[in-house]
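# What the coordinates show
The residues making up each chain are set out below.
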Amino acid sequence: MLRAGLFIGVDRTGGLPRLKDAAAGAQRMHAWALSQGLVDGTQARLLTDANGGKVTSDQVYDAVQALIGGAGVEQLVVYFAGHGVNINRGEQWLLSDAPVRTSAAVDVSNSAKLARYSGVSHVVFLSDACRVAPDSIQAQNVRGIDIFPNDDASDRARPVDEFYACRLGRTAAEVRDAAAAAGAFRAVYTGALFEALAGQHAALLKPGDAGDPARYVWPVPLQDWLEAELPRRIRALSLSTPVIQDPDAVLSAEGQWLAQLAPSQIVPAPPPMPAASPGPSSRSRGTTRGVGSRPPASSGPGRGRRRLRWRADRRGCHARRGAGSARRAHGPRGQRARRGWRHRRGRDVAAMVDEVRTPLARSPRDGVRHQGAWRGGGAGGASR
């Protein structure tokens, strides 16, 4: 299958907060395309505003024309990372000169309609941008261009798949990467997407025809995995700034894969953790303690709670004393926590909220940057 890809990353758009990982994310996705065998410049093109550059609508249109104008491209991937808005339920990717120049944007919805009749057998849009409505008159006047030609290359509709980093009306986030240098942010969606397409999650890889040693990533399993993986990653970060990001997709292709991995490119899955041998419980009498013997004083649940409450009182945490007294639920006002300890004079608060144990009130320095449009950012945040 002859494939091509265009990878766009825009960190700076108008007066919006500058993003940290849009241009770099496009570079990583471009590198993935090269690992798939695409030729740089002719089959894989990169457009970013890195090093003070600009990305214009003419550059995007000309790049698409060059990629599909060659000999029989069967699959085209168009990736974008940057600020985005949704106007009249139509996605708009914002480029460098938006919103002062109203045409400095890509109309994703209309481009997808034209892509169906472009003669390309399979077009894939990968969008790591917000899908919120603009809240200013200036932003509402943005009218992006169509990046596919309005010609009669085909009279038959071909499948177009659209992957979105978030649901309609929601934001896409960049979060501080603890493994990177201080202050570095990474886009949650692009990070997961890159890993999946690069073969770093063996459960996503499906075999091809008989005798084909390669493994393939298909659209539907990929979207199912992203829908489960993104919330899991965000929960694992334990951010003090609330982040809700659930990816979305409109899929229509059947029998079209997105990535092909040779056996040497596949990252093997880690071995399963060995099952821990069950130790003697407080109910089942172990042979070392003898039948009918009482457990040690420090191991009984009542004694442990009594001691913990006594120590809490000594620290001034005002916990109630006594094994039979019920622990008081705590949490944000109007939202009861299910269980956990609260240190009133300390900084850490742990609570069960929305069925997930999440450390709260840690520090606003975890940092969250949203890829929204003309909206005020939260603590340490900006909108994509």
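Residues numbered from 1 in each chain as written. Predicted model: local features only at pLDDT ≥ 70, side-chain atom pairs only at ≥ 80, totals over all residues. Heavy atoms only, no water.

## Structural notes on the overall build of the protein
Across its full length, the protein carries 7 helices and 17 strands. The buried share among the 384 residues of the protein stands at 43%. Considering only intrachain contacts with a sequence separation of at least 6, the fraction spanning at least 24 residues in the protein is 69%. Accessible area for the protein stands at about 20,200 Å²; split by element, carbon and sulfur atoms hold 49% of it. (Helix = DSSP H or I, 4+ residues; strand = E, 2+ residues; numbered from the N terminus. Buried < 20%, exposed > 50% of the residue type's maximum accessible area, 1.4 Å probe, protein only. Contact = heavy atoms within 4.5 Å. Areas by Shrake-Rupley, 256 points an atom, 1.4 Å probe, with all protein chains shown as cover.)

## Observations regarding the nonpolar core
The biggest cluster of nonpolar side chains holds 40 residues, and the ones touching the most others in it are L197 and L222. Among the elements that make up this core, the one with the highest residue count is helix α5 (residues 188-197) (6 residues). Here L197 is in contact with M29, W32, Q36, V217, L222, L258, A259 and L261, once residues within four sequence places are set aside. (Core = buried A, V, L, I, M, F, W, Y, C linked by side-chain atoms within 4.5 Å.)

## With respect to unusual backbone geometry
The omega torsion across A98 and P99 is 0°, close enough to zero to call that bond cis. In this fold, P99 is placed in the loop between β5 (90-94) and β6 (105-107). Even without being a glycine, R89 presents a positive backbone phi close to 60°. Mapped onto the secondary structure, R89 falls in the loop between β4 (84-87) and β5. Phi is positive for S238, which is not a glycine, with a value near 50°. The topology assignment puts S238 in the loop between α6 (219-237) and β13 (248-250).

## Comments concerning the sheet that holds strand β14 (residues 259-261)
Read across the open sheet, the 3 strands follow the order β11-β12-β14; overall the sheet is antiparallel. Only two strands of the sheet have a single partner each, and these edge strands are β11 (206-207) and β14. (Pairing = 2+ DSSP bridges.)

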